[in-house]
Amino acid sequence: MSGLDTFRADTRVWLAENCPPEMREPVRSDADICWGGRHFAPSSPAQKDWLDRMAARGWTVPDWPKEYGGGGLSAAETKVLREEMAAIRARNPLNSFGISMLGPALLKYGTEEQKLEHLPKIARGEIRWCQGYSEPNAGSDLAGLAASAEDGGDHYIVNGQKVWTSYADKADWIFCLVRTSKASKQGGISFVLFDMESPGVSTKPILLISGYSPFCETFMDNVKVPKANRIHDENKGWDVAKYLLGHEREMISGMGLGGGGRNPLIEGAIATVGLDHDGRLADPVLRTQIALFEVRAKAFAAMSERFIDELKAGRAHPAQPSMMKYVGTELNKDRHELMMAAGGSDALEWESERSNTGAAPRAWLRTKANSIEGGTSEVQLNIIAKRILELPGA
Amino acid sequence: MPLYLNEEQTMLRDTAKDFVAEHAPVSHLRALRDANDATGFSRDLWKQFAEMGLNGILIPEAQGGLGLGHVEAGVVLEEIGRNLSPSPFLTTAVAAVEALKGSAQADRWFPGIVAGETVAALAIDEGAKHRDAVALKAERSGNGFRLTGAKRFVTHGHVADLLIVAARTAGSPDDAEGVTLFAVPRDAAGLTASPERLADSSLAARMAFEGVEVDADAVIGEVDAGRDPLGRLLRAGRTGAAAELLGIGGGAMDMTVGYLKERKQFGVAIGSFQALQHRAAHLYSEMEVARAAVLKAQQLLDTGADAEMVDGAVSIAKAITGMATTLSVQEGIQMHGGIGMTDEYDIGFYMKRARVLAEMFGDVGFHADRLAKAAGY
Ligand SMILES: Cc1cc2nc3c(=O)[nH]c(=O)nc-3n(C[C@H](O)[C@H](O)[C@H](O)COP(=O)(O)OP(=O)(O)OC[C@H]3O[C@@H](n4cnc5c(N)ncnc54)[C@H](O)[C@@H]3O)c2cc1C
């Protein structure tokens, strides 16, 4: 047996013993998602056990080095772990912008001190992070941001407003882009971290069309941010920002994959319109739409697998996450459109038990942001056209 | 297995790329078309393919081939697609070889295929749309069989040396059981071919079987168990057609992107217009999705994965390349503007070939339907 086979066998046994049965059920509502943080209130004892057990092995971030709270696994072992988790439909033990966005940026640009300070807490889900990028007048044109950081000696004094800060009201810390120089647009930005409990920070929720408001406006009024909290050099924050955006796009593109295993779209359609005597969906147009969608979704799954393989081998084009994000998010929107169509009037119920399983109108509405957040589809297409196809500038 | 080409496969791709582009570029197709060539492809080129060893790409080394897999065959097919090279490679070296593999008939036909002397055609379709149904009758007669019925859309059927024929030895057309696969020499008495030139200027025949007598040893595999070799043929053929489609879509896209950089209007390259950039970027993304799906199907075929999984991946590959390549050729013509509509410019050839291959071995709808049935809806 090769080392990898042994690892697979051991992992399978460990998961079987340690993944609580409740954590092998699909996530049904937002409350079911584990975000950790200072004020973490587990939705069930199983959720907490699952997080703690995985974190103890470093398996919330299996491929990070052990000294930063990771599992120290190789790329191949990480893939095996994910496969084995998928095989038992194990839930993600921890959802975290720290893992998917800040972590990779810290690993690349952080000092040893910064890594030791922040990464283990991210791995254990002790600190919840939010992202302070967008501003009212700097969305797609992110580098046009205005929030200012003035030199105060060993610290900066930050003033300004961020918008669309997901979960800012629940987050403990923020990674934030600020302007440290007006001399150059992209060359005057710095990347800083600060505690959301710092004096001068306040948030205000934004209600979305889905009825949820996990998004906030974040106001910064003379906030003191130690210079030791700056990642990478002063005025070099744009490099960090772009690197992190690549990871953000990669994460968002995963939405195109849908859930593993059972297919709520097909189950929902069968439940509402039924099968005819040939065992086919009784609504032939809906059946066709779903079947064609499934072709695209499964082909996209192959592209995701290919992308990860290429990334690990260091052969992915740097603009590839833009392509993944573009295709993945448009697909996820299509999936939810179809889920609504399949669900019929059941899918319209706003607050019912039923609306929390399968097609829910809130989830449908939420997906409309997939092609906006993290850079709009139009912006991704610009990137693909210019960086991959090398089409000329206007 | 990582989902990209390994070093040897990349080398093979580069070789195939140079070889096909040099010996059978689009101008080769154009010349055959202009000459109203009655064969539809070049026998000399088929010989050259053999000299490169390519015809035996899927044939085991013990039988004189290269003993490689579907990824490698696909690499060659993609270049054939990119150059729109008329070639019996897909029907002969891929589909027929897979059907014959491991059967007694392999020893008879493989040497000629490896040598570039034998061309095989597939007599599997009976309607204008590809279906699983088989009606052509094969009745026991003497110590062999008598074939009666008709097949259509038989590419190279009028010049092939060997026909792989799906026939019914029991039951009725839609039954899964009772199908037998035969290797029928083209010169068998009672077999006639009426070739028709298709939109892409290839030739496909309607074949009539009027009591064609074949020996018992013409059976590939077992009597009534022809779905096995036919299944191998179809999996290989569909995956191969998907790879060729990928080449067609990619070739059309490369032409289009090249044109966007070169054509000037309003004093600038048209490729600087965002409306066109976005469409090009969308097209590129769709082609990349299709590429991954094709490679996935090829790899699963090669590793001999679970049959249900392979079948699913094959249908996804054929369906997605049908969609992506159709988009590519349509956008190709549109973004070329008026010149795209001229016969003199090559982009139209891509549109025609894409339509033919999209239909072959089942179109997008056929494969989407198959996936839906397999998923129970
Ligand atoms: C649900 C949600 C969550 C978010 N979470 C966060 C978060 O946690 N942290 C954070 O910092 N930000 C977050 N964002 C902000 C997000 O990144 C921005 O909304 C996004 O970058 C678009 O900016 P904008 O909203 O200002 O739109 P605009 O930039 O004003 O765009 C408006 C329209 O113009 C188009 N457009 C703009 N420029 C171009 C161009 N050059 N070419 C073609 N079309 C163009 C856009 O594609 C769009 O269609 C979130 C947004 C949403 C909706």
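That block above? That's the structure.
Nothing here was measured: the structure is a model prediction, and the numbers come from that model.

Peer 1: Give me the lowdown on the overall build of chain A, citing residues and values where you can.
Peer 2: Secondary structure assignment for chain A yields 11 helices and eight strands. For 394 residues, the compact-globule formula gives about 21 Å, and the C-alpha radius of gyration of chain A, at 22 Å, lands near that figure. Overall, chain A is about 75 × 55 × 45 Å in size when its C-alpha atoms are taken along their principal axes. Considering chain A as a whole, with its 394 residues, one finds that 50% of them fall into the buried category. Considering only contacts in chain A between residues 6 or more positions apart, those separated by 24 or more positions represent 70%. Counting every atom, chain A has about 17700 Å² of accessible surface; 52% of that belongs to carbon and sulfur. Distance between charge centres in chain A, computed from 47 positive and 52 negative side chains, equals 3 Å.

Peer 1: Lay out the pattern of salt bridges in plain terms, naming residues and giving numbers.
Peer 2: Applying the stated criterion across every chain, the model contains 49 salt bridges over all chains. Two residues, Lys368 of chain A and Glu337 of chain A, come together in a salt bridge whose shortest N-O distance is 2.8 Å. Here Lys368 of chain A, found in the loop between helix H10 (361-367) and helix H11 (377-388), pairs with Glu337 of chain A, found in helix H9 (residues 320-343); they are 31 residues apart in sequence, far enough to count as distant. Classification of Lys368 of chain A by relative accessible area gives partly exposed; the value is 28%. Taking the relative accessible area as the measure of exposure, Glu337 of chain A reaches 38% and is therefore partly exposed. In this structure, Glu359 of chain B engages Arg355 of chain B in a salt bridge whose closest nitrogen and oxygen atoms are separated by 3.1 Å. Highlighted residues: Glu359 of chain B and Arg355 of chain B, both in helix H10 (residues 347-359), separated by four residues, approximately one helical turn. A relative accessible area of 16% places Glu359 of chain B in the buried class. A network of salt bridges, in which partner residues are shared, links Lys17, Glu78, Glu79, Arg82, Asp254, Glu288 and Arg291 of chain B.

Peer 1: Provide a residue-level description of the layout of surface pockets, including the pertinent values.
Peer 2: Put simply, the second largest pocket is a space of about 760 Å³. If you go around the second largest pocket, you meet 32 residues; those closest to its centre are Arg306 of chain A together with Arg13, Glu78, Glu288 and Arg291 of chain B. Breaking the lining of the second largest pocket down by element, the ones donating at least two residues are helix H8 (284-312) and H9 of chain A together with helix H1 (7-23), helix H4 (70-82), helix H7 (227-262) and helix H8 (274-303) of chain B. The leading source of residues in the lining of the second largest pocket is H8 of chain B, at seven residues.

Peer 1: Requested: an account of the packing of aromatic side chains, with residues and values cited.
Peer 2: According to the stated counting rule, one finds 17 aromatic pairs over all chains in the structure shown. Ring centres of Trp35 of chain A and Phe97 of chain A lie 5.5 Å apart, and the angle between their planes is 75°; on these two criteria the pair is classed as edge-to-face. One end of the pair, Trp35 of chain A, is in the loop between helix H1 (3-18) and helix H2 (45-56); the other, Phe97 of chain A, is in helix H4 (residues 97-109), with 62 residues separating them in the sequence. You'll find Trp35 of chain A and Phe97 of chain A in the same group, each marked buried. Judged by centre distance (5.8 Å) and plane angle (45°), the rings of Phe49 of chain B and Phe89 of chain B are tilted. Within this pair, whereas Phe49 of chain B is found in helix H3 (residues 43-51), its partner Phe89 of chain B is found in helix H5 (residues 89-100), the two being separated by 40 residues in sequence. One aromatic cluster in this structure is built from Trp129, Tyr133, Trp173, Phe175 and Phe191 of chain A. A cation over an aromatic ring shows up here: Arg362 of chain A above the ring of Tyr212 of chain A, its NZ or CZ 5.1 Å from the ring centre.

Peer 1: So what's going on with helix H3 (residues 75-87) of chain A? Residues and values would help.
Peer 2: All names here are of chain A. Relative to the 18 Å expected for 13 residues at 1.5 Å per residue, H3 spans 18 Å between its end C-alpha atoms, a close match to the ideal helical length. Where H3 is concerned, the buried positions are Thr78, Val80, Leu81, Glu84 and Met85. Taken around the axis of H3, the buried residues stretch over an arc of 160°, which confines them to a single face. Exposed residues pointing more than 90 degrees away from the buried face of H3 are listed as Ala86 and Ala87. Looking at the packing, one finds that the buried side of H3 touches H1 and H2. In the segment just after H3, Arg89 is the residue with positive phi, at about 55°.

Peer 1: Kindly report on empty space enclosed by the protein, identifying the contributing residues and their values.
Peer 2: Residue and element names in this part refer to chain B. Following the criterion strictly, the structure yields seven cavities of 30 Å³ or more and no others. Of the pockets and cavities examined, the largest cavity occupies roughly 260 Å³. Those elements that provide at least two residues to the lining of the largest cavity are H4, H5, strand E3 (144-155) and H10. Residues belonging to the lining of the largest cavity are distributed by class as follows: 12 nonpolar, eight polar and three charged. Approximately 90 Å³ is the volume attributed to the second largest cavity. If you trace the second largest cavity, you find it lined by Thr91, Ala121, Leu122, Ile124, Asp125, Arg152, Phe153, Thr155, Met360 and Phe361. Mapped onto the lining of the second largest cavity, the elements with two or more residues apiece are strand E1 (120-123) and E3. Here the lining of the second largest cavity gets three residues from one element, more than from any other, and that element is E3. Residue classes in the lining of the second largest cavity are distributed as six nonpolar, two polar and two charged.

Conventions used here
Residues numbered from 1 in each chain as written. Chains lettered and ligands numbered in written order. Predicted model: local features only at pLDDT ≥ 70, side-chain atom pairs only at ≥ 80, totals over all residues. Heavy atoms only, no water. Helix = DSSP H or I, 4+ residues; strand = E, 2+ residues; numbered from the N terminus. Rg over C-alpha atoms; globule rule 2.2 N^0.38 Å. Buried < 20%, exposed > 50% of the residue type's maximum accessible area, 1.4 Å probe, protein only. Contact = heavy atoms within 4.5 Å. Areas by Shrake-Rupley, 256 points an atom, 1.4 Å probe, with all protein chains shown as cover. Lys, Arg positive; Asp, Glu negative; His and termini not counted. Charge placed at Lys NZ, Arg CZ, Asp CG, Glu CD. Salt bridge = Lys/Arg side-chain N within 4 Å of Asp/Glu carboxyl O. 1 Å grid on protein atoms, 1.4 Å probe; cavity = no way out; pocket = protein on both sides within 12 Å on 5 of 7 lines; lining within 4 Å. Points joined across faces, edges and corners; volume = space filled by probe spheres on them. Phe/Tyr/Trp six-rings, centres within 6.5 Å; stacked < 30°, edge-to-face > 60°. Lys NZ or Arg CZ within 6 Å of the ring centre and 35° of its normal. Expected span 1.5 Å × (residues − 1). Arc of directions from axis to C-beta. Nonpolar A, V, L, I, M, F, W, Y, C, P; charged D, E, K, R; others polar.

In short, shape yes, function no, at least from these values alone.
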